[in-house]
Amino acid sequence: MTANLPEIALLRDVVEGHRPNLTQYADFYRDVHRHPEVAAMEKETAEKVAAHLTRLGFKVHSGIGGHGVVGVFQNGVGKTILTRAELDALPILEQTSVPYRSERRMVDRYGNERPTMHACGHDMNMAALLAAADLLNSAAHRWKGTLLVVFQPEEEELSGAKAMLDDGFYDLVPVPDIMLSQHVVPARAGTVAIRSGPILAADTMRIRVIDGPCEGSINPQFCVDPVLLGMRIVSGLQDAVTKEVGQDEDATVACWGFHAGVPGNDYVAYANILLDIKTVKSDIPQRVLGLITKLFLDQCRAAGVPRDPEINHSVRAPLTSNHESIVKPIDRVFRDYFTSKMTEMAFVRSTEDFSVFGATHNIRGGRNDWRPKSLYTHHTQGSGSTRREIRR
C-alpha cells in the first residue's frame, strides 16, 4: 500500500473507506448454509462464487481439480498473495433452530445419500473472503500486486488442494509469495487469533489382520480371531505411542474404522483397521509409524496368525506450519487494529491440506483464524458458522 500514513492508520483508512455493504455477504452466507454440498459435489456453490468474482471484475478460472475456482486480480507490479476459502460441507444432519438451517440431503461421490451441513464454517469463510476481495477491489488505487482468491473443493477429505495442483493450477496463475487462509476452531466469541509454527499433520495407516489355517489344522475357524486380536492391539496403541515419544510430545492415534466379517461366512477371515495419526514435529511421524508397524507384526506373530498383517501408509495432509516471518508482522498489525480482541491462537487438533499449495514452491504461509466460542465445536450437528453472523 502507498500512503504517507503510519501503518495502522493506513489500514484503518483503507478498511473503513472501502468496507463493502455486508448485506449481500450475509445473504450469501445464509444461502450457502441453506444449500450445502459435500466434497467433490460442490458444483452449485462453485458457480455462485465464480459469478460473484466475475461481477467484481476478477479474471475467473473454474473447474480446477473438480469444482475449484480461482479469481485473479492483477494490479500492477508487486507481491502475489494467495488467499483461500473452502467450498465443501460435511455429511452431517443439522440440528440447529436457525431459520436458514440446512435440510438438504444429497448423494455423495460414493453413492451414499447423506444429510448435508456446513458444520465447519466454510460458508462463513467463503463469505468473508468474497467480502475481502470486494474491499481490495474497491481499494485498488491504494495497493499494488496480484491477488489470487482461491475457493478449494474437497477440503474435508484433504484432497482438494492436490487435485487443483494436479490439474494445472500453477499453469493458470502466478506462484504466490505469501499464502493466507482461515480455519475455524473453538475460541472466545469476538476474538481474532493467529499462531506461528506448526499446526498439525495427519497420517493414515490401513492395516489388515489376516486369519487363515493355523499350524496343525486345515480349518481357519480354529485359528486366532482377528477381531479380538485387532481390538487388543488397537486399545493399547495410544499408551504405547505416548511411552515411545514422551508425555511432552503431541502425538495421537485414533481408530477411524474397524470392519470385519462377511455375512454368511462361518469364520472371520480378516479385520480391516483404519488409523488416523496426528503429530507435530517432523521427526516424530516415522517413530510413531515404525512403532505401530512393529506392534502389529509382533503381536500377530506371537498370537500365531499364519500371515503377517498387511500395512499401508499414506499422508492425508502435510504438516501445516505458519512461517514466523509472515505471522509476526500480521500479528503486530492485527494487535494494533483489533486491540483487546486480538489473542494468540491456542494449539488445536485440526488437519489441513492448505499447505499443499506451497509445498512445491517453498512458499511461506500465515493463516488467520477467526473463531468464536459456541456451545458446539465444529464438525457437529449444531456447530460451525450457524453460531456466527455477518453483522450488517
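What you see is a predicted model, and the numbers here were worked out from it, not measured in a lab.

Any chance you could explain the UniProt feature "binding site: Mn(2+)" (unreviewed entry) in the protein chain here in plain terms?
On the UniProt side, "binding site: Mn(2+)" (unreviewed entry) is annotated at positions that read C120, H122, E156 and H183 here. These annotated residues cover 64 residues of sequence, and their C-alpha atoms lie no more than 11.8 Å from one another, placing them together at a single site. Note that H122 resides in helix α4 (residues 122-138). Beyond its immediate stretch of four places on either side in the chain, H122 contacts E86, D88, E155 and E156.

I keep staring at the packing of aromatic side chains and nothing clicks. Help me out?
Any two aromatic rings considered together are summarised by their centre-to-centre distance and by the angle between their planes. Taken as a whole and assessed by the stated rule, the structure comprises eight aromatic pairs. Aromatic pair F73 and W143: ring centres 5.9 Å apart, planes at 40°, arrangement tilted. Of this pair, F73 sits in strand β2 (residues 68-75) while W143 sits in the loop between α4 and β6 (145-152), and the two are 70 residues apart along the sequence. Each residue in the set F169, Y170, F354 and F357 is aromatic and connected to the rest through ring pairs, giving one cluster. When the ring centre of Y270 is taken as reference, the NZ or CZ atom of R208 above it lies at 3.7 Å.

In this structure, what is going on with the sheet that holds strand β11 (residues 251-260)? I would like to understand it.
To summarise the sheet geometry, strands pair through backbone hydrogen bonds and adopt either a parallel or an antiparallel arrangement. The antiparallel open sheet is built from four strands, whose spatial order is β11-β12-β10-β13. Two strands bound the open sheet, and with one partner strand each, they are β11 and β13 (310-317). On average, each strand axis in the sheet is inclined to that of its neighbour by 20°, with strand direction left out of account. By the bridge criterion, ten bridges tie strand β10 (residues 201-210) to strand β12 (residues 270-279) in an arrangement that is antiparallel. Pairing of M205 across the sheet is with L275, part of β12.

I keep staring at the environment of E324 and nothing clicks. Help me out?
Considering the arrangement of structural elements, one finds E324 in helix α10 (residues 324-338). Here the alpha-carbon distance between E324 and S196, two residues 128 residues apart in the chain, equals 5.3 Å. Excluding its chain neighbours within four sequence positions, the residues that come into contact with E324 are S196 and P329.

In this structure, what is going on with helix α3 (residues 43-56)? I would like to understand it.
Residues lying three or four places apart along an α-helix face the same way, a consequence of the helix completing one turn every 3.6 residues. For α3, which comprises 14 residues, the first-to-last C-alpha distance of 20 Å matches the rise-based estimate of 20 Å (1.5 Å per residue) to within 8%. Within the sequence span of α3, burial applies to T45, A46, V49, A50, H52, L53 and L56. Here the buried residues of α3 occupy an arc of 160° about the axis, which is enough to place them on one side. Looking at the packing, one finds that the buried side of α3 touches α2 (23-34), β1 (59-64), β2, α4 and β6. Looking one or two places after α3, you find G57, whose phi comes out positive at around 95°.

Quick question: what am I supposed to make of the pattern of salt bridges here?
Inspection of every chain in the model, using the stated rule, returns 21 salt bridges. The partner of D331 in a salt bridge is R335, and the shortest N-O contact between them spans 2.9 Å. A residue pair is termed a helical-turn pair when its members lie 3 or 4 positions apart in one helix, as D331 and R335 do in helix α10 at four residues. Take R335: its relative accessible area is 36%, and that puts it in the partly exposed class. Residues joined in a network through salt bridges with shared partners are R84, E86, E352 and D353.

Got a minute to help me understand unusual backbone geometry in this structure?
In most cases, non-glycine residues show a negative phi, while peptide bonds are predominantly trans. At L158, a residue that is not glycine, the phi angle is positive and equals roughly 55°. With respect to the helices, strands and loops of the structure, L158 is situated in the loop between β6 and α5 (160-166). Judged by relative accessible area, L158 falls into the buried class, the value being 11%. In this structure, T339 is a non-glycine residue whose phi angle is positive, near 50°.

Hey, could you run me through the pairing of β2 in this one?
A regular strand places its side chains so that they alternate between the two faces of the sheet. Summarising burial for β2: seven of the eight residues are buried, a large majority. One ladder, built from four bridges, connects β1 with β2; its direction is antiparallel. Bridge pairing in β2 places V60 opposite G71. Two successive antiparallel strands, β1 and β2, enclose a turn made up of three residues, where G65 displays a positive phi of approximately 60°. For β2 and β6, the ladder comprises seven bridges, and the chain directions are antiparallel. Within β6, the residue paired with V69 across the bridge is F151.

Thresholds, definitions, all that
- Residues numbered from 1 in each chain as written.
- Predicted model: local features only at pLDDT ≥ 70, side-chain atom pairs only at ≥ 80, totals over all residues.
- Heavy atoms only, no water.
- UniProt positions renumbered as here; feature names shortened; annotations may be inferred.
- Helix = DSSP H or I, 4+ residues; strand = E, 2+ residues; numbered from the N terminus.
- Contact = heavy atoms within 4.5 Å.
- Phe/Tyr/Trp six-rings, centres within 6.5 Å; stacked < 30°, edge-to-face > 60°.
- Lys NZ or Arg CZ within 6 Å of the ring centre and 35° of its normal.
- Pairing = 2+ DSSP bridges.
- Axes fitted to C-alpha atoms, helices over the stretch in contact; angles between N-to-C directions.
- Expected span 1.5 Å × (residues − 1).
- Buried < 20%, exposed > 50% of the residue type's maximum accessible area, 1.4 Å probe, protein only.
- Arc of directions from axis to C-beta.
- Salt bridge = Lys/Arg side-chain N within 4 Å of Asp/Glu carboxyl O.

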